[in-house]
Amino acid sequence: MSWVRLKRFFSVFHARNLEFMRDRGTMAWNFLFPVLTVGVFSFAFSGKSQDLFKVAWVGAPTHPAALRLHETQHVQFVDVPAQELAGALARVRRHQVDLVLSQSESGGVLQYWVNDSNPKGYLLERLLLAVESTSSVQRQTVSGREIRYVDWLISGLLGMNMMFSALFGVGYVIVRYRKNGVLRRFKVTPLGAFEFLSAQVVSRLWLILITSTMVFAGTNAVIHFHMEGSYFDLFLVLLLGSLCMISLGMVVASRIKSEELASGILNLLTWPMMFLSGVWFSLDGAPRWLQSLAQLFPLTHVIESARAIMTEGATLAQVGPNLGVLFGLSVVFMAVGTAIFRWE
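Along each chain, residues carry numbers from 1 onward, in the same order as the chain's sequence is written. Note on the predicted model: pLDDT of at least 70 is required for a residue's local features to be given, and 80 or more for side-chain atom pairs to be given and counted; whole-chain, interface and lining totals, by contrast, use all residues. Note that the side-chain values use all heavy atoms of the structure and ignore hydrogens as well as water.

Engineer: Looking at this model, I keep getting lost on the packing of helix α9 (residues 231-253) against helix α10 (residues 259-276). Mind explaining?
Structural biologist: Think of two packed helices as two axes; the pair is described by the angle between the axes and how far apart they sit. Interaxial angles span 0 to 180 degrees and are taken between N-to-C directions of axes, which are lines fitted to C-alpha atoms, for helices over the stretch in contact. Each helix corresponds to a stretch of at least 4 residues labelled H or I by DSSP, and each strand to a stretch of at least 2 residues labelled E; elements are numbered beginning at the N terminus. Remark: α9 packs on α10, axes separated minimally by 10 Å, with the N-to-C direction vectors making an angle of 150°. The hand of the α9/α10 crossing is right-handed. Along its contact with α9, which presents Met245, Leu248 and Val252, the element α10 presents Ile265, Leu266, Leu269 and Met273. For the contact of α9 with α10, the residue count by class is 7 nonpolar, no polar and no charged. Definitions for this section: a left-handed crossing has its near helix turned counterclockwise from the far helix by less than a right angle. A right-handed crossing has that turn clockwise. We call two residues in contact when some of their heavy atoms are within 4.5 Å. Here the term charged refers only to Asp, Glu, Lys and Arg, the term nonpolar to Ala, Val, Leu, Ile, Met, Phe, Trp, Tyr, Cys and Pro, and the term polar to all other amino acids, Gly among them.

This is the structure:
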């Protein structure tokens, strides 16, 4: 990029930043919404006891004791393939699952794993042993710090706030520019489509990074989130996720002239992601086809990566597939948005 083109880029970048800063209501909402949501959920779910028990059902064991427990009310069972036993044990360690059941290869002994520090796991173990002799069951223990609901939720809330800020902050704004004739004026200047769009992307990107970082740091100072992994890795996930969402918003706004149509399409994109990407609840017990559908959403990969880093201590290599999807989608969205962009 030549110096002249770079100067045009920074001019648009600076103008967009000033526009955002002068919109005090939008700027305040970007800070207050995630903070208020984290605070409300932290208070609502701060209690130690919950009514629902959760059991990981590894390989659908046929042992009589497992079948009797399976018939017990108020116990949720999550089907886990036999090859994913290690993942189920990790969830017991973090108190996300209260008990893991698995049958030995010979079929005669029922193996179960429980966290000694989990009171719900203790009650489920007593219930299991009350209906079966200890000779046919094998006890194993794991240990680990409890993950509060707010520790699990924070990744989803930051991801959701990032999604709304990225999609509406770029998609809706560009459509408004087109409707108000701003883009028509830009068209007769030396400013190119790539320069204009890249300035919009970079402007919104740094604003999202700043607001998200400040919100996370501020709430963390009060709530003290559980953090097993690296803050740098978490920041990189936020960076790639924001870039992907902004690029998607750019595709939506590349040709649309109506603000109402843009709002409808953006809501059509955000609402399924908000409910199926694991913002509020896990899809572990959902049908396989629904879990596969959720993998099509960029927000799913953002939240899965952030949660793995925070609650499991995952490294960049371990969340690499999710980051690869986000980077690939960003390249595709930016290329498509630039190719089909129209000034009028």
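There is more to say, and it comes next.
Engineer: Help me understand helix α6 (residues 149-180), please; the structure alone is not making it clear to me.
Structural biologist: Counting along an α-helix, one turn takes 3.6 residues, and residues three or four places apart therefore face a common direction. Here the expected span of a helix is defined as 1.5 Å times the quantity of residues minus one. Taking 1.5 Å per residue, 32 residues should reach 46 Å; α6 reaches 45 Å between its end C-alpha atoms and fits that length. Taking burial as the measure, the 32 residues of α6 include 25 buried ones, the bulk of the element. One or two positions beyond α6, positive phi appears at Gly181, with a value near 85°. Only protein chains enter the calculation, and the probe is 1.4 Å; a residue is then buried if its accessible area is under 20% of its type maximum, exposed if over 50%, and partly exposed in between.

Engineer: What's the story with the side chain of Thr311 in this structure? I'm lost.
Structural biologist: Mapped onto the elements, Thr311 comes out in helix α12 (residues 298-312). A polar side-chain atom of Thr311 sits 2.6 Å from the main-chain carbonyl oxygen of Arg307. With residues up to four places along the chain from it excluded, the contact list for Thr311 reads Arg94, Ile147, Asp151, His226 and Glu228. Under the rule applied, a polar contact is a pair of N or O atoms within 3.5 Å (in protein, one hydrogen donor and one hydrogen acceptor; residues adjacent in sequence only if both atoms are side-chain atoms).

Engineer: Explain the side chain of Thr219 here, please?
Structural biologist: Within the element layout of this structure, Thr219 appears in helix α8 (residues 193-223). For Thr219, a relative accessible area of 7% translates into the label buried. Separated by 3.2 Å, the side chain of Thr219 and the backbone oxygen of Phe216 make a polar contact.

Engineer: Sorry if this is basic, but what is going on with a nonpolar patch on the surface here?
Structural biologist: Like-charged residues are merged into a patch within 9 Å and nonpolar side chains (Val, Leu, Ile, Met, Phe, Trp, Tyr) within 5 Å, provided each residue has over 30% relative accessible area and no salt bridge. Residue-level accessible areas treat just the shown protein chains as cover; the underlying method is Shrake-Rupley with a 1.4 Å probe. Salt bridge, as applied in this entry: a Lys or Arg side-chain nitrogen positioned within 4 Å of an Asp or Glu carboxyl oxygen. The grouping of Trp271, Phe275 and Phe281 at the surface amounts to a nonpolar patch, some 310 Å² of accessible area in total. With relative accessibility at 37%, the residue Phe275 sits in the partly exposed group.

Engineer: What exactly am I supposed to notice about the nonpolar core here?
Structural biologist: The nonpolar side chains of a soluble globular protein tend to be buried, and buried together. To qualify as a nonpolar core, a set must consist of buried Ala, Val, Leu, Ile, Met, Phe, Trp, Tyr and Cys residues joined through side-chain atoms within 4.5 Å. Membership of the largest hydrophobic core comes to 63 residues, with the highest contact counts inside it found for Met163 and Phe196. Breaking this core down by element, the ones donating at least two residues are α6, α8, α9, α10, α12 and α13 (320-340). At 15 residues, α6 tops the list of elements feeding residues into this core. Discounting residues that sit within four places of it in the chain, Met163 has contacts with Met245, Thr270, Met273, Met274 and Leu299.

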